[in-house]
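Listed here are the chains, written in short residue letters.
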Amino acid sequence: MDLEMVLNELSLETPVADISTARKLMSELIQTLIQAKKLGVKILRTDRDLNYIELTPNYPIASWRNDREVDREERRFFRSLITKVPLWSDVTEEIKSKFDLSEVWHQGKLAEGLRLALISDSLAVSLLSEPQWNTDFLELQVTEIDKNERLTDYSEKIVHASRSSHVKQHTEWIKNRIENKLFDRQVDGETLWKNRQEFFPNLIFCEQVEQQLQNLNTGNNILQQVKKRLFELEQYCKTWKTGAFNKNLLPNKTTPESDSRIQQCRQQLTIKCPGGKERLFSWHLRMTPGAWRLYFSEELGPGKIIIGYIGLKLK
């Protein structure tokens, strides 16, 4: 499946000190984009025409593009890039529908580009205009509105780059996202179930998950998030060789249910597993939109995780 980059517009809000610094930062950004393209990332998506963004007063990107003191190959790459840069407004109807269901914030600021990167599972890229963008992951705060107009707040991590070295650190993730046919838009929930041993050889699925997955068709907004969470658990299992389960090694917030929630939902959380044993499922991952949950058990130990429930938040 094609993988895209999304430009973080917050990184363009702070003009830099001078033209020399602007040249340096643009060079860093271009090298980041070049490295991503080398690994197979297809396009950069933005919210506006890049030419008119001011890097420093009276020095917009259009001036940088024509600046003869800038490396010719970098300028040439940029020119080839902007001739086919799609805008956020061009995203598919499936993704547009998710935009209306949540707000995404980064350090107190609304982040539309990072929201698109989160929803579409794209690579977020930034101009290294401030120290906060010098990281290979970004922590986001999500406010979600469910179908009953209730608000849910939670945190989420996304893959990010502002240096070519960040992209290199994501090489395996990029390769898996592009080559893994799991992420093909035509792979629906029924296909996930039928091919679960191929896609997720280290995950064990309880019987009730079959129907929960098969109800997810290609038009269902939550399908891509379900794929993403299962993929993350599968990748974790591949590296979990010894020791206890470590929630901090998963890319997104992973929590057990509270005692009060376990008492409230004990019957629903007690699920029959393959082999006939009933287990109490507490660990869960969140999914958006719609306040969905994926419950799993790590009871079998290193390298194996049992999937017990995939669906709306239990009541």
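Please refer to the structure higher up on the page.
Peer 1: Where do I start with empty space enclosed by the protein in this structure?
Peer 2: Vacant regions in the atomic arrangement are exposed by a probe of water-molecule size rolled over the atoms. On inspection of all chains with the given rule, the structure shows three cavities of 30 Å³ or more. Approximately 60 Å³ is the volume found for the second largest cavity. The element contributing the most residues to the lining of the second largest cavity is helix H1 (residues 19–38), with four residues. In terms of residue class, the lining of the second largest cavity is built from eleven nonpolar, no polar and no charged.

Peer 1: Looking at this model, I keep getting lost on the packing of aromatic side chains. Mind explaining?
Peer 2: Where two aromatic rings form a pair, the distance of their centres and the angle of their planes describe that pair. Applying the stated criterion across every chain, the model contains ten aromatic pairs. Between Phe-200 and Phe-205, the aromatic rings sit 6.0 Å apart at their centres with planes inclined by 50°, giving tilted as the arrangement. Of the two residues, Phe-200 and Phe-205, neither departs from the other in class, the shared state being buried. With 5.1 Å between their ring centres and 65° between their planes, Phe-245 and Trp-283 make a pair best called edge-to-face. With Phe-245 in the loop between helix H11 (223–239) and strand E11 (254–255) and Trp-283 in strand E14 (residues 283–287), the pair connects residues that are 38 residues apart, well separated along the chain. You can call Phe-245 buried: its relative accessible area is 14%. Through pairs of rings, three or more aromatic residues link up here, namely Tyr-236, Trp-240, Phe-245, Trp-283 and Phe-296. Lying over the aromatic face of Trp-193, Arg-196 brings its terminal NZ or CZ to 3.8 Å of the ring centre.

What counts as what
Residues numbered from 1 in each chain as written. Predicted model: local features only at pLDDT ≥ 70, side-chain atom pairs only at ≥ 80, totals over all residues. Heavy atoms only, no water. 1 Å grid on protein atoms, 1.4 Å probe; cavity = no way out; pocket = protein on both sides within 12 Å on 5 of 7 lines; lining within 4 Å. Points joined across faces, edges and corners; volume = space filled by probe spheres on them. Helix = DSSP H or I, 4+ residues; strand = E, 2+ residues; numbered from the N terminus. Nonpolar A, V, L, I, M, F, W, Y, C, P; charged D, E, K, R; others polar. Phe/Tyr/Trp six-rings, centres within 6.5 Å; stacked < 30°, edge-to-face > 60°. Buried < 20%, exposed > 50% of the residue type's maximum accessible area, 1.4 Å probe, protein only. Lys NZ or Arg CZ within 6 Å of the ring centre and 35° of its normal.

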